[in-house]
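One letter stands for each residue in the lines below.
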Amino acid sequence: TSYAINEVIYKVPTYILLFILFSIILPIYFIEANMIKLNKVIDIYTKANIISFLIFTFAVFLFSPINQEQYAGIFNNPNLLGEYISVVIMSLIFQFEKIKNNKYKSGILILFGISVAFMIFSMSRTTLVSVVFIGIIYLIFNIRNKLNIKKKLLVFTLSILIMIPVTYGVLNIVTPLISDF
């Protein structure tokens, strides 16, 4: 319902589409699906989010340099970017846990670092809270299942520490050169 209210207040048509997707279409499909179908749907949904993030990142690196205090990318609102990044981060963590191939895991980690960089650049407090909540749930899941949490924390932290300055450099140096061209 918050998407519907935001659509009325801010007159951004994207909110109504998100409202329809999250409030009507996905719940109806999940109610009718069995667990095998549900896992397949979640897998396809997270992969689609990651593909959309690849397209988004490509577009941002080409056309949208950092020129405001709160970065919005190709969206017109930093909070909308933050909502999108929250969903992308959940998708990246899901695929990181699911994928066994280390080559693909490396790609997921790079995208994770870039997504955290966008979250920080957007300065969206709501996004920060939601990502911290996602992180806490992920930690609890890993501790409860006695998975190697120290290695995962180290890998995610290194990804973030490497990709934040790289993303910032691309958005401040390369993107303005491309967009002026």
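Please refer to the structure placed before this passage.
Keep in mind that this is a model prediction, so the values were computed, not measured.

Q: I tried to follow the nonpolar core on my own but got confused; where do I start?
A: Nonpolar side chains in soluble globular proteins generally cluster together in the buried interior. Residues Phe-53, Tyr-71, Ile-85, Phe-118 and Leu-171 are the most contacted members of the largest nonpolar core, which totals 32 residues. With ten residues, helix α5 (residues 102-122) is the single largest residue contributor to this core. Excluding residues that lie within four positions of it along the chain, Phe-53 makes contacts with Tyr-84, Ile-85, Val-88, Leu-111, Ile-114, Ser-115 and Phe-118.

Q: When you look at the packing of aromatic side chains in this model, what are you seeing that I'm missing?
A: Geometrically, a pair of aromatic rings is defined through the distance of the ring centres and the angle of the planes. Scanning the entire structure with this criterion turns up 13 aromatic pairs. A ring pair is formed by Phe-75 and Tyr-84, whose centres lie 5.5 Å apart and whose planes are at 55°; its orientation type is tilted. Relative to Phe-156, the ring of Tyr-138 lies with its centre 5.9 Å away and its plane at 90°, an arrangement referred to as edge-to-face. Of this pair, Tyr-138 sits in helix α6 (residues 125-144) while Phe-156 sits in helix α7 (residues 149-180); the two residues are 18 residues apart in sequence, bridging distant segments of the chain. Here Phe-156 falls in the buried class, since its relative accessible area comes to 8%. Members of the aromatic cluster, each reached through a chain of ring pairs, are Phe-53, Phe-56, Phe-61, Tyr-71, Phe-75, Tyr-84 and Phe-118. In this structure, Lys-103 packs its charged tip against the face of Tyr-104, placed 5.5 Å from the ring centre. Between Lys-105 and the ring centre of Phe-96, over which it is positioned, the NZ or CZ distance is 4.6 Å.

Q: What exactly am I supposed to notice about the pattern of salt bridges here?
A: Proximity of charged atoms lets side chains of opposite charge pair with each other. Scanning the entire structure with this criterion turns up three salt bridges. In this structure, Lys-47 and Asp-43 form a salt bridge, with 3.2 Å as the shortest nitrogen-oxygen distance. Separated by four residues within a single helix, Lys-47 and Asp-43 lie in helix α3 (residues 35-63), roughly one turn from each other. Asp-43 sits in the buried class, given a relative accessible area of 11%. The shortest N-O distance in the salt bridge between Asp-43 and Lys-98 comes to 3.4 Å. Within this pair, whereas Asp-43 is found in helix α3, its partner Lys-98 is found in helix α4 (residues 78-98), the two being separated by 55 residues in sequence. What emerges from the salt-bridge pattern is a single network uniting Asp-43, Lys-47 and Lys-98.

The rules behind these values
- Residues numbered from 1 in each chain as written.
- Predicted model: local features only at pLDDT ≥ 70, side-chain atom pairs only at ≥ 80, totals over all residues.
- Heavy atoms only, no water.
- Core = buried A, V, L, I, M, F, W, Y, C linked by side-chain atoms within 4.5 Å.
- Buried < 20%, exposed > 50% of the residue type's maximum accessible area, 1.4 Å probe, protein only.
- Helix = DSSP H or I, 4+ residues; strand = E, 2+ residues; numbered from the N terminus.
- Contact = heavy atoms within 4.5 Å.
- Phe/Tyr/Trp six-rings, centres within 6.5 Å; stacked < 30°, edge-to-face > 60°.
- Lys NZ or Arg CZ within 6 Å of the ring centre and 35° of its normal.
- Salt bridge = Lys/Arg side-chain N within 4 Å of Asp/Glu carboxyl O.

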